[in-house]
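A closer look at the structure
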Amino acid sequence: MKISYNWLKEYLPIDLAPTQVGEILTGTGLEVEGIEKVEQVEGGLAGIVVGLVKTAEQHPNADRLRVTTVDVGGEEDLPIVCGAPNVAAGQKVVVATVGSTLYPTSGESFKIKKSKIRGEVSMGMICAEDEIGLGTDHDGIIVLPETATIGQAAKEVFDLKEDYIFEIGLTPNRSDATNHVGVAKDLAAALQTNHNSTQQVQLPSVDAFQVANETLPIVVEVKNTTSCPRYAGVSITGVTVKPSPDWMQQYLQAIGVRPINNIVDITNFILHELGQPLHAFDADKITGGKVIVQNLPTGSPFVTLDEQERKLHADDLMICDGEGKGMCIAGVFGGIHSGVTDTTTSIFLESACFEAINTRKTATRHDLRTDAAIRFEKGVDPNNTLYALKRAALLICEFTGGQIASQIVDIYPQKIEKPIVSLRFARVNKLIGVAIPPAEVKQILVALEMDIIEETEEGLKVAVGTNRADVLREIDLIEEVLRIYGFNKVPISQSLKSAISYSPRISNYKVKNKIGDFLASNGYYEMMANSITNAAYYSEEETGVVKLLNSMNAHLDALRHNMLFSGLEAIRHNQNYKTTDLRLFEFGRTFHTYEANEQTQYEEQEHLTIFLSGMATPESWQGKQQAYTFFDIKEICLQILHRLGINSYQTASLDSPYFSYGLAFKQGKKRPLVQFGAVKNSIGKQFGIKKEVYYADFHWDNILAALKNVKIKFQEIPKYPNVRRDLALLLDQQVTFEQIAQIAAKSAKHLLRNVNLFDIFEDEAKVGKGKKSYAVSFIFQDALKTMTDKEIDKTMQKLMHNFKEKLGAEIR
């Protein structure tokens, strides 16, 4: 949100440096994210001064140029070549000196340099209006009055003002601070509390408001008082639509609002002054002289100001004419057929309070995030509508020549009263952590324009203004006291009190950090993807996808059902920027819906995902580059489980629509730990990825559950040597290495340290049809003594017997 310092001082006349004001506002919770200097004319006419043309003679080498000498108050007169037809000796003119930069009304800026023009030296430039950004006139140079002082800065001659714009990061709860007056009130309260100031916010008077005649009465009927608790309006006739005054245009432009015409600019001015959205209707286009606030049937067409036809929802509140035809989406956007145009002579000015939630739903439904909608959805002050209406009506009459032509219509069936909140002094001191005197607490609340309706030794009863939709509880009042009192005034304790306690609970945060550090140390980069994704990624047959009801982006309309697609988006993005060799990991959540007890239930699941794509080794003279393979993704999965101490699991085949092949590690049938494999090429192509992608998906909730059964045990460093033995096994094709490893572990028990497959041989002519030969190594070690050949041979005989009996193996 942008706030103009000059505009702010219209209501709170202060003389503080902009940086100091920024610090004070930030201290109150209105965080100033930046301060930008804004000049009425770009460049501020720096280096441009008043000069006196002493001589003006025909250029000897050009018919349309004059050679002049100009006194700019320096030690010597300046020779300047000028092409303007109206330049003459004795004139006071605007001179851009050497080194200054000009910002013309149109075109690029340029710097004035010493030059030769057709052989004559030119030490500056005598300027026209458009050449310095003051207007569009280029018929001749600017001729100043005789009273202008030679050498005076042009900025002073034209009375150019500079402004400072505060960029405030407004939190969603602060509906009262969406405008200059609201910010001024916070600033005044902070100055009164911490800077001994007595200044208060001065609002413009509306006492001059009076009805000139009643020639244009407009009847108003509100059929939905829930969505529109208050609606006020007044008619104004005899208006002339033209540009708004310069000062108003300058204020609006400073905060990024484009001036349109006097009536529209005034409604925008009030919006940013008071936070009350207004709407002006062309009164001649209100059929039947009646305004009806109602809902129209679903599917009703309505053409908005942007010339788009929109289909209305039954919950969209509409401002309609006497025939029930829509003129405006209430609180959101106007219609194309009822707005103010250059030919408008009479208007009906609306000032209303529309219900926040309904306004937000309508704005989101139609993707119309207008300034008005943003204010209404935060909550405007229902008791400020009349003041804003009168303020705007007076400005319209002043700058359009109009007259008030009706009594104010004000439909307010159930007045919204100020909420009463009790505040305990002891509670204030306990939560803030510092003893604030009751008198100071009261002073702060009064400075915030809250009414004290009862005061005791224990506390206060406070009537909170209806402009503060976020202050409804005692804790809210305490927050108000603290932010005005000053966060920086609360001392930081020099002591730290802590109790040491043991908790057997698994810390998800610590486990994530452990694995994150492990992956990062192995060359992986952590990524964070958006949990909102494109529903089109999922097939219609896929159940459990959580879709958003009111998405603001057509391509972000569902919560991610898996973490594969967001990772593929990241791979595509990196590969498009020529980063093709990738090791990525992400901790995140997936979202699911299911039916239980005839009700829709929602579930979130935590995951760790890993992606490999491209080359595993860098280009080098030492050897050929190696691409990532299935065994790389398998290896990192094994390492993660080993790092966590999870060594007990089963391997299962993987049946997934996303993998062309892969495996799964499980603990029982219902607890998958991780699935990994190669992503189908068809899926990669959908994302524009041509290289193979390997993907692992850890079910993190199951990992944490498995960690509960992991016990840390001490194991002494072996003192005795290990022994290796190899076997060549002729096996059926369907036998897996995992079966061999499991049989070996059961047969050798505590003596076996490692089993490794180091060679595979398949040749139908040599080993037979449906057969394969595995070369397997076994590492044995006894922790208590050196193993003898007899013990080793006995163990190997047991292994060979079990391989023959259980696997049908032949020992080669």
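Residues numbered from 1 in each chain as written. Predicted model: local features only at pLDDT ≥ 70, side-chain atom pairs only at ≥ 80, totals over all residues. Heavy atoms only, no water.

1. What to know about helix α9 (residues 385-400)
For clarity, the cut-off: Where helices and strands are cited, they refer to DSSP runs of H or I of at least four residues and of E of at least two residues respectively, numbered from the N terminus. Each helix should span, by expectation, one fewer than its residue count multiplied by 1.5 Å. Each residue gets one of three labels from its accessible area relative to the maximum for its type: buried under 20%, exposed over 50%, partly exposed in between, using a 1.4 Å probe on protein chains only. Two residues qualify as a contact provided that any one of their heavy atoms is within 4.5 Å of a heavy atom in the partner residue.
In a regular helix each residue adds 1.5 Å, so 16 residues correspond to 22 Å; α9 covers 22 Å between its end C-alpha atoms and thus fits that length. Burial runs high along α9: 12 of the 16 residues are buried. Every buried residue of α9 is accounted for by Thr385, Tyr387, Ala388, Leu389, Arg391, Ala392, Ala393, Leu395, Ile396, Cys397, Phe399 and Thr400. Elements that come into contact with the buried residues of α9 comprise β15 (230-237), α5 (246-254), α6 (262-274), β16 (278-282), β23 (346-353) and β24 (403-404). Trailing α9 by a residue or two, Gly401 shows a phi angle of about 80 degrees, which is positive.

2. Brief notes about the pairing of strand β32 (residues 582-596)
Heads up, the rule is: Think of it this way: DSSP has to see at least two bridges between two strands before they count as a pair.
As defined by bridge partners, strand β29 (residues 525-526) adjoins β32 across two bridges and the pair is classed as parallel. Within β32, the residue paired with Tyr525 across the bridge is Leu584. Across 15 bridges, β32 lies against strand β33 (residues 599-613) in antiparallel orientation. Its bridge partner being in β33, Ala596 is matched across the sheet by Gln599. Counting the residues in the hairpin turn of β32 and β33 gives two residues, including Asn597, whose phi is positive at 55 degrees.

3. Points about the environment of Glu542
Within the secondary structure layout, Glu542 lies in the loop between β30 (532-533) and β31 (558-559). For Glu542, a relative accessible area of 23% translates into the label partly exposed. Glu542 sits 138 residues away from Ile404 along the chain, and the two C-alpha atoms are 63 Å apart. Dropping the residues within four chain positions of it, Glu542 is found in contact with His561 and Tyr658.

4. A few points about the sheet that holds strand β2 (residues 31-39)
Our working rule: Here, axes are lines fitted to C-alpha atoms. For helices the fit covers the stretch in contact, and angles between N-to-C directions go from 0 to 180 degrees.
If you walk across this open sheet you meet the three strands as β1-β13-β2, and the pairing is antiparallel. The sheet is open, and its two borders are formed by β1 (2-4) and β2, each paired with just one other strand. Strand-to-strand, the axes of this sheet are offset by a mean angle of 25 degrees, without reference to chain direction. Where β1 lies against strand β13 (residues 162-169), three bridges are found, and the strand directions are antiparallel. From the neighbouring strand, Ile3 faces β13, where its bridge partner is Phe166. Packed on one face of the sheet, helix α2 (residues 18-27) meets β2 and β13 and runs near 155 degrees to β2.

5. A few points about the pattern of salt bridges
So the rule is basically this: We define a salt bridge as a side-chain nitrogen of Lys or Arg found within 4 Å of a carboxyl oxygen belonging to Asp or Glu.
Within the structure shown, the criterion is met by 35 salt bridges. Between Glu377 and Arg369 there is a salt bridge whose closest N-O contact spans 2.7 Å. Looking at Arg369, the relative accessible area reads 31%, which means it is partly exposed. In this structure, Glu480 engages Arg483 in a salt bridge whose closest nitrogen and oxygen atoms are separated by 2.8 Å. On the criterion of helical spacing, the pair formed by Glu480 and Arg483 is a turn pair, its members being three residues apart in helix α12 (residues 474-485). Judged by relative accessible area, which is 2%, Glu480 ranks as buried. Salt bridges sharing common partners tie together Arg174, Asp176, Asp186, Arg468, Asp470, Glu480 and Arg483.

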